[in-house]
Amino acid sequence: MLKHMSGTFKEKSRFSLAFRSTEKSSLLPFSSLVWPGFCTNPVSYIASHNTTIVQCHGRRRIYGRGSRAEINCLKRGIVTNRQHPPPPHPLFHCNEVRPGVFWIEEKYFDSWNRANVFFLVGSDRDLLTDTGVGIFNLREFLHAKGLRHRETMKPMDVVLTHIHFDHSGGVHHFQDEGKIHERVEIKIHELEAKHLSHPLKTASWVMNHEVWPKPSPQWNAQSYKVQGVANVSPLQDGKTIHLGDKTFQVLHVPGHSPGSIALFDENHGILLTGDTLYQTDQELIDWYPGSSCKRLEHSLFRLHELIPSVDLILPGHNAVLYKRDIMLQCIDRHLSRRSWSRTFAKTMISKPRAIALLGANHYVVALPEALREMLQT
Ligand SMILES: [Zn+2]
Ligand SMILES: [Zn+2]
């Protein structure tokens with residue numbers, strides 16, 4: 001199998017790609033198959049295991065499933081990753097927001113539901129919070145990026161801030177045939193530990209157009225659902241997660257979902273908030289199946305009290321927050337809109353509508369995209 005490799009071709013470079021079938025050992029000139037072999041823009045490529053992805057003109061193509069790829073440069077002066085930093089990964093963004101704190105996003109999931117994943121390096125254990133939708137393998141990305149090493153494998157906690165599919169969908173990549181990989185412990189609040197594969201509680205709804213590239217030509221968004229895992233450790237309020245040099249306290253902050261949690265490292269001023277708090281022009285979501293307007297308000301008051309000790313908020317969606325006044329604004333924006341009539345409308349209209357749409361889409365028939373947009377209002 002081909003080892004991971006990546007690089008960038010210079011502008012106006014001529015190149016060819018060839019696949020050598022692992023079965024027949026025949027070398028087929030790639031350019032004569034589908035690729036013109038000439039590009040006026042920089043071309044980046046990444047070949048990993050049995051898939052090759054080529055980016056050019058902002059479009060991505062996947063070739064070589066089941067084949068061994070070979071990339072030949074036809075012009076002198078081609079730049080390789082020995083001289084330049086490697087090109088961006090075609091499937092995931094990764095940004096180090098503070099030493100040892102990595103913010104990861106699933107680039108291939110182009111949706112308002114795209115969630116943040118955070119990987120924190122500890123001296124004794126690593127911590128991964130949330131796992132994205134998981135259509136591509138996050139665990140493999142952590143290895144490809146060099147964040148996890150198979151040889152010197154540290155234990156790792158995979159903690160889900162809550163049950164929703166955009167946060168829990170990739171959790172199955174950390175378990176295979178009932179076995180947990182790499183000394184991994186999977187943790188979620190006890191109220192949600194038994195419901196990880198429940199389509200309504202996970203609010204699963206992925207659209208075909210949101211996923212590019214697709215993992216295979218046959219892949220269909222309608223078949224997407226969160227795959228539950230065995231051996232999940234339940235969390236309760238007040239529990240601690242020790243990474244050696246960092247210690248996170250578990251805060252049960254229900255409201256967005258019954259088992260939503262935040263993680264707080266007081267010594268380093270880091271607060272992971274999941275979907276309980278993030279920056280948005282709209283209101284925070286407290287009308288999904290299992291949501292509660294009142295509980296979310298209480299949870300936001302609880303987080304509000306912590307803000308003087310917080311330097312960095314790692315939220316479930318949108319940007320990482322560094323400034324306390326912005327953090328407070330995010331909380332105040334939601335709380336200031338509270339009213340009896342809004343709570344009534346969300347409880348009596350928005351929430352039953354979300355339950356009906358999610359339930360009908362999963363149990364009855366695939367609904368058109370326009371109807372899902374109603375979930376946002
Ligand atoms: Zn959520
Ligand atoms: Zn979310």
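Residues numbered from 1 in each chain as written. Chains lettered and ligands numbered in written order. Predicted model: local features only at pLDDT ≥ 70, side-chain atom pairs only at ≥ 80, totals over all residues.

- Going by the annotation in an unreviewed UniProt entry, the name recorded for the protein chain is Metallo-beta-lactamase domain-containing protein, with Tigriopus californicus given as the source organism.

**Points about the sheet that holds strand 10 (residues 116-120)**
For step 1, the next point in the chain: The strand order across the open sheet built from seven strands is 8-9-10-11-12-15-16, with neighbouring strands paired in mixed fashion. Pairing within the sheet leaves two strands with one partner each, and these edge strands are strand 8 (92-98) and strand 16 (232-235). Between one strand axis and the next, the sheet turns by 25 degrees as a mean value, whatever way the strands run.
For step 2, the next point in the chain: In this sheet, strand 10 lies alongside strand 9 (residues 101-106) in antiparallel orientation, the contact comprising five bridges. Note that in strand 10 the partner of Val-101 across the bridge is Leu-120. (Pairing = 2+ DSSP bridges. Helix = DSSP H or I, 4+ residues; strand = E, 2+ residues; numbered from the N terminus. Axes fitted to C-alpha atoms, helices over the stretch in contact; angles between N-to-C directions.)

**Quick look at helix 6 (residues 340-363)**
Counting along an α-helix, one turn takes 3.6 residues, and residues three or four places apart therefore face a common direction.
For step 1, the next point in the chain: Relative to the 34 Å expected for 24 residues at 1.5 Å per residue, helix 6 spans 33 Å between its end C-alpha atoms, a close match to the ideal helical length.
For step 2, the next point in the chain: Of all the bends in helix 6, the greatest measures close to 35 degrees and is centred on Lys-346. (Expected span 1.5 Å × (residues − 1). Bend = angle between axes of the 7 residues up to and from the residue.)

**Looking at the pairing of strand 18 (residues 247-252)**
For step 1, the next point in the chain: Of the strand pairs in this sheet, strand 17 (residues 240-242) and strand 18 are connected by three bridges, and their pairing is antiparallel. Residue pairing for strand 18: Thr-240 is matched across the bridge by Gln-249.
For step 2, the next point in the chain: With antiparallel pairing between neighbouring strands as the criterion, strand 17 and strand 18 make up a hairpin whose turn holds four residues, including Gly-244 at a positive phi of roughly 100 degrees.
For step 3, the next point in the chain: Of the pairings in the sheet, the one linking strand 18 to strand 19 (residues 261-265) comprises four bridges and is antiparallel in character. Paired with Val-250 across the strands is Leu-263, a residue of strand 19.

**What to know about the environment of Lys-145**
For step 1, the next point in the chain: Topologically, Lys-145 is positioned in the loop between helix 2 (138-144) and strand 12 (156-159).
For step 2, the next point in the chain: Overall, Lys-145 belongs to the partly exposed group, with 16 C-beta atoms counted inside 10 Å. (Buried ≥ 20, exposed ≤ 12 C-beta atoms within 10 Å, placed from the backbone.)

**Looking at the sheet that holds strand 21 (residues 312-315)**
For step 1, the next point in the chain: What the five strands build is an open sheet, ordered 17-18-19-20-21; its pairing is mixed. Each edge of the sheet is formed by a strand with only one pairing partner; in this case those strands are strand 17 and strand 21. Averaged over all adjacent pairs, the angle separating strand axes in this sheet is 20 degrees, with direction ignored.

**Details of unusual backbone geometry**
For step 1, the next point in the chain: Cis geometry marks the peptide bond from Trp-212 to Pro-213, where omega comes out at 0 degrees.
For step 2, the next point in the chain: In this structure, Pro-213 sits in the loop between strand 15 (184-189) and strand 16.
For step 3, the next point in the chain: For Asn-231, which is not glycine, the phi dihedral falls at a positive 60 degrees.
For step 4, the next point in the chain: Overall, Asn-231 belongs to the exposed group, with 11 C-beta atoms counted inside 10 Å.
For step 5, the next point in the chain: Positive phi outside glycine occurs at Asn-318, with the angle close to 65 degrees.
For step 6, the next point in the chain: Judged by C-beta crowding, with 15 C-beta atoms within 10 Å, Asn-318 ranks as partly exposed.

**Remarks on the packing of helix 4 (residues 293-306) against helix 5 (residues 324-336)**
For step 1, the next point in the chain: In contact at an axis separation of 10 Å, helix 4 and helix 5 are set at 150 degrees when each is read in the N-to-C sense. The angle between helix 4 and helix 5 places the two elements in the roughly antiparallel class. Our pair here, helix 4 against helix 5, has a crossing hand that is left-handed. Across from Glu-297, Leu-300, Leu-303 and His-304 in helix 4, the residues of helix 5 making contact are Ile-331, His-334 and Leu-335.
For step 2, the next point in the chain: Along the lines of polarity and charge, the residues of the contact of helix 4 with helix 5 split into four nonpolar, two polar and one charged. (Parallel < 35°, antiparallel > 145°, perpendicular 65-115°, else oblique. Left-handed = near helix turned anticlockwise from the far one by under 90°. Contact = placed C-beta atoms within 7 Å. Nonpolar A, V, L, I, M, F, W, Y, C, P; charged D, E, K, R; others polar.)

**Quick look at the pairing of strand 12**
For step 1, the next point in the chain: Burial of strand 12 is two-sided: the residues Met-156 and Val-158 facing one way and the residues Asp-157 and Val-159 facing the other way are all buried.
For step 2, the next point in the chain: Looking at chain direction, strand 11 (residues 126-129) and strand 12 are connected through four bridges and run parallel. Bridge pairing links Leu-127 to Asp-157 in strand 12.
For step 3, the next point in the chain: Inspection of the sheet shows strand 12 paired to strand 15 by four bridges, in the parallel sense. Looking at the pairing, Val-159 lines up with Lys-187 of strand 15.

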